[in-house]
Amino acid sequence: MTSDQQLRAKVTEELAKHKSMVEQDSYRLHYHLMPPVGLLNDPNGFIQWKGTYHLFYQWMPFKTGHGAKFWGHFTSKDLVNWQHEEVALTPAEWFEKNGCYSGSAIEHEGELYLFYTGNVKNENDERESYQCLATSRDGIHFEKNGPVITLPDGFTAHFRDPKVWQQDDRYFMVIGAQTEALKGAIVLFQSDDLTDWKWVRTLTGGDSGKLTDFGYMFECPDLFHLDGKDVLVFSPQGLKPDGMKYQNVYQAGYTVGAFDPKAGKYEHNKFIELDRGFDFYAPQTTTDDQGRRLLFAWMSVPDQDEQMHPTIKHKWLHTMTLPRELQLKGDKLYQAPVKELENLRKGDAVVEEVVLNNHVKQVERAYGQAFELLVEKVELDEGWFELTIRHAARIIYSSEQRVLTLERKSYVDGVIEKRQCQLEHVRNLRLFVDTSSIELFMNDGAEVFTTRFYPTKESEQVTFATSEECRFKVKNWTLAKVT
Ligand code: FRU
């Protein structure tokens, strides 16, 4: 047996051994993508190819920890119903023996091309990294072409996560990097044929431009054109908390600017976080045949006490966010759950007009474990307004401070922790609650909070409370179990 065959056989064995254990977990998600066993992290190779959406992901099938990653693979026709395919890439060759790390997909002459980072750690624990290519005719079985880019001078081996796109009859690739001076950077390569790649420049970070003192490593870059501008999404490491900003261990966000493909240069504005919740990292986007810019992210952050998640007992860890559509309004990205997710709704909405007009009045309703809740036409002139979700998370808006707060019970020690953002007013809140996750879209996606949480199975309530008079309309739907 080849080493690839051995690894695949081991995955099959692991699945057979633990599948039912994973399936018995009440925190198993109903409509989010999660690993069949083991650990899931970054979305990879997100593409719509020959009418099918492909989403690959960083997968450690053998334990609920990190290590020599595989590329797991989901496919879907509609972004709602997904199928788990056979493993796409195993870390079988010398140039990837410690992991087929993150990367992207592109179509070329009818074939599917995957670019990813081959991670290698040699005996002295020294790291090497290779940007590699694998191709496929059927989108399921991949042939490895090996490294196409080796480490350029001036960078440490923290050099990874290639994202490739086509523009003006040329191909471009951005890679996340760390300079020898230990600064985060994003570098640009260019190619005419996807095989022979030429270094262009450091696009941002490193020693020049606006992001020179902005952390020690940039991961998972993604540069794309949207609504007349060029957006660079990436995940910087090493930022210090700054007021309400940068509260997680690592961040994920974007800059807006202009990319000049001839000169290979990118001018941009300041960095803005994409999601202010506890669990959001390594987002990746693609476009589809409706011209939409779609995004998935990993619903977690590296190095955040992950061994404390209760799902570990059931042999699995982490999930993806819902697929979201991006729009740029001015220099701000708006995120909305894709329209297709309306197909998850079971039956018609339950609609209620709510008026809370006593001092600290509460209304409690049971909605279940997996539901969508739309709170709209919010009228709140003074005081505060809050929603407690399944007794384990709380959303509070203060009209005096103009601050929105998300609180959750920590999965590490049960202590209440919070994330916040400034918000001039609340017009609407759209919440997607799954068995152990919340995605909160505020004011049509101007701000988003994504978080894991672990309510008890019996807690199915949402409580609304306010300090002064508050009116709003609530619509809610039970959502189907599809994953
Ligand atoms: C981001 C990341 C990537 C890397 C991958 C390894 O979460 O660290 O930079 O390619 O995960 O799984």
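What counts and how
In every chain, residue numbers begin from 1 and rise along the written sequence. Side-chain atom pairs in this predicted model are given and counted only at pLDDT of 80 or more, local residue features only at pLDDT of at least 70, and totals for whole chains, interfaces and linings cover all residues. For the side-chain quantities, the full set of heavy atoms in the structure was used; hydrogens and water were omitted. Should DSSP find at least two bridges between two strands, the strands are regarded as paired. The secondary structure listing takes helices from DSSP runs of H or I that are at least 4 residues long and strands from runs of E that are at least 2 residues long, numbered from the N terminus. Axis definition: a line fitted to C-alpha atoms, over the contacting stretch in the case of helices. Angles run 0 to 180 degrees between N-to-C directions. Cavity means a closed set of points on a 1 Å grid over the protein atoms alone, one where a 1.4 Å probe fits but cannot get out, pocket means an open set with protein on both sides within 12 Å along at least 5 of 7 lines, and lining means a residue has an atom within 4 Å of a point. Grid points are joined across faces, edges and corners, and a volume is the space filled by probe spheres set on the points. Residue polarity is assigned by list, with Asp, Glu, Lys and Arg as charged and Ala, Val, Leu, Ile, Met, Phe, Trp, Tyr, Cys and Pro as nonpolar; anything else, Gly included, falls into the polar class. Here, a salt bridge means any side-chain nitrogen of Lys or Arg that lies within 4 Å of a carboxyl oxygen of Asp or Glu. A simple rule labels every residue: compare its accessible area, found with a 1.4 Å probe on the protein chains alone, to the largest value its type can have, and call it buried under 20%, exposed over 50%, or partly exposed in between. Polar contacts here mean pairs of N or O atoms no more than 3.5 Å apart (in protein, one a potential hydrogen donor and the other a potential acceptor; neighbouring residues in sequence count only if both atoms are side-chain atoms). Only residues whose relative accessible area exceeds 30% and that form no salt bridge are eligible for patches; like-charged ones are grouped when within 9 Å, while nonpolar side chains (Val, Leu, Ile, Met, Phe, Trp, Tyr) are grouped when within 5 Å. The protein chains shown are the only cover counted for residues, whose accessible areas, like all others here, come from Shrake-Rupley with a 1.4 Å probe. Residues scored as charged are limited to Lys and Arg (positive) and Asp and Glu (negative), so that His and the chain ends carry no count. Taken as the charge centre is NZ of Lys, CZ of Arg, CG of Asp or CD of Glu, depending on the residue. What makes a residue near a molecule or strand is one non-hydrogen atom of that residue sitting within 4 Å of it. Any molecule with more than half of its atoms within 2 Å of a cavity's or pocket's grid points is regarded as sitting in that cavity or pocket. The predictor reports its confidence for every residue as pLDDT, a score running from 0 up to 100. All the domain ranges listed were derived from an automatic or database domain assignment. Note on definitions: a residue-residue contact is assigned when non-hydrogen atoms from the two residues lie within 4.5 Å. Throughout, the accessible surface (probe 1.4 Å) given up by two parts as they are put together, summed over both, is called the buried area.

Once that is clear, we can look at the sheet that holds strand E21 (residues 324–329). Sheet architecture is open: 4 strands sit in the order E18-E19-E21-E22, paired in antiparallel fashion. Either end of the sheet is taken by a strand with one partner, and the two such strands are strand E18 (281–287) and strand E22 (332–337). With strand direction ignored, the average angle separating the axes of adjacent strands in the sheet is 40 degrees. Relative to strand E19 (residues 293–298), E18 runs antiparallel, the two being bridged by 5 bridges. Within E19, the residue paired with Gln-284 across the bridge is Phe-296.

Attention now moves to empty space enclosed by the protein. Counting across every chain of the model gives 5 cavities of 30 Å³ or more. Taken as a whole, the largest cavity spans an internal volume of roughly 80 Å³. Contributing to the lining of the largest cavity are 14 residues, with Gly-103, Asp-161, Cys-220, Pro-221 and Gln-284 lying nearest its centre. Broken down by secondary-structure element, the contributors of at least two residues to the lining of the largest cavity are strand E1 (38–49), strand E5 (100–108), strand E9 (160–167), strand E13 (217–226) and E18. Looking at side-chain class alone, the lining of the largest cavity contains 6 nonpolar, 4 polar and 4 charged residues.

Attention shifts here to the pattern of salt bridges. Side chains that differ in sign of charge can pair as their charged atoms come close. Inspection of the entire model under this criterion finds 31 salt bridges. Its salt-bridge partner being Asp-444, residue Arg-427 comes within 3.7 Å of it at the nearest N-O pair. With Arg-427 in the loop between strand E29 (416–422) and strand E30 (429–434) and Asp-444 in the loop between strand E31 (437–442) and strand E32 (447–452), the pair connects residues that are 17 residues apart, well separated along the chain. By relative accessible area, Arg-427 is classed as partly exposed at 40%. Several salt bridges converge on common partners, so that one network encompasses Glu-273, Arg-276, Lys-332 and Glu-447.

With 6 of its 6 residues buried, E19 lies for the most part within the structure. A two-sided burial pattern is seen for E19, the buried positions comprising Arg-293, Leu-295 and Ala-297 on one face and Leu-294, Phe-296 and Trp-298 on the other. Two strands pair when backbone bridges link them, and E19 and E21 are joined in this way by 3 bridges, in the antiparallel orientation. Along E21, the bridge assignment pairs Arg-293 with Leu-326.

Looking at the largest pocket, its volume works out to about 500 Å³. Contributing elements (two or more residues each) for the lining of the largest pocket: E1, E5, strand E6 (111–121), E9 and E13. In terms of residue count, the dominant contributor to the lining of the largest pocket is E13 (3 residues). Partitioning the lining of the largest pocket into residue classes produces 9 nonpolar, 10 polar and 8 charged. Its volume calculated, the second largest pocket comes out at about 420 Å³. Contributing to the lining of the second largest pocket are 21 residues, with Val-164, Trp-165, Gln-166, Thr-287 and Arg-293 lying nearest its centre. Breaking the lining of the second largest pocket down by element, the ones donating at least two residues are E1, E5, E9, E13 and E18. It is E9 that contributes the most residues to the lining of the second largest pocket, 5 residues altogether. Split into classes, the residues belonging to the lining of the second largest pocket amount to 9 nonpolar, 7 polar and 5 charged.

This part takes up the side chain of Thr-451. When you line up the elements, Thr-451 lands in strand E32. A distance of 3.2 Å separates a polar atom in the side chain of Thr-451 from a polar atom in the side chain of Arg-408.

To continue, consider a negative patch on the surface. A cluster of acidic residues, Glu-379, Asp-381, Glu-382 and Glu-400, forms a negative patch at the surface. Among the structural elements, Glu-400 can be located in the loop between strand E27 (393–398) and strand E28 (403–409).

Take the site of the ligand next. Close to the ligand lie Asn-41, Asp-42, Gln-58, Lys-69, Tyr-101, Ser-102, Arg-160, Asp-161, Glu-219, Tyr-281 and Trp-298, which account for all nearby residues. Within the backbone of Ser-102, an N or O atom sits 3.1 Å from an oxygen atom of the ligand. Contact between the ligand and Glu-219: an oxygen atom at 3.0 Å from a side-chain N or O atom of the residue. For the ligand, whose free accessible area comes to 320 Å², the fraction covered by protein is 91%. When each cavity is represented as a set of grid points, the ligand is found to reside in the largest pocket. Residue assignment for the shell around the ligand shows that the elements contributing at least two residues are E1, E5 and E9.

Moving on: the confidence of the model for the chain. When pLDDT is averaged across the chain, the result is 96; 99% of the residues are at 70 or more. By mean pLDDT, strand E24 (residues 361–366) is the weakest element of the chain at 79, and E19 is the strongest at 99.

Another point: the domain arrangement of the chain. Domain assignment breaks the chain into domain 1 (3–339) and domain 2 (347–478). On a C-alpha basis, the centroid separation for the pair domain 1 and domain 2 is 31 Å. Each side of the interface is counted separately: domain 1 has 36 residues, and domain 2 has 37 residues. Between domain 1 and domain 2, the buried area comes to about 3,200 Å², and carbon and sulfur atoms account for 56% of it. Together, Met-244, Arg-276 and Phe-278 form the three largest contributors to the area buried by domain 1 at its contact with domain 2, with a combined 24%. In this structure, the connection of domain 1 to domain 2 is made through 4 salt bridges. Of the charged contacts in the structure, one is a salt bridge between Asp-279 and Arg-408, with a shortest N-O distance of 2.9 Å.

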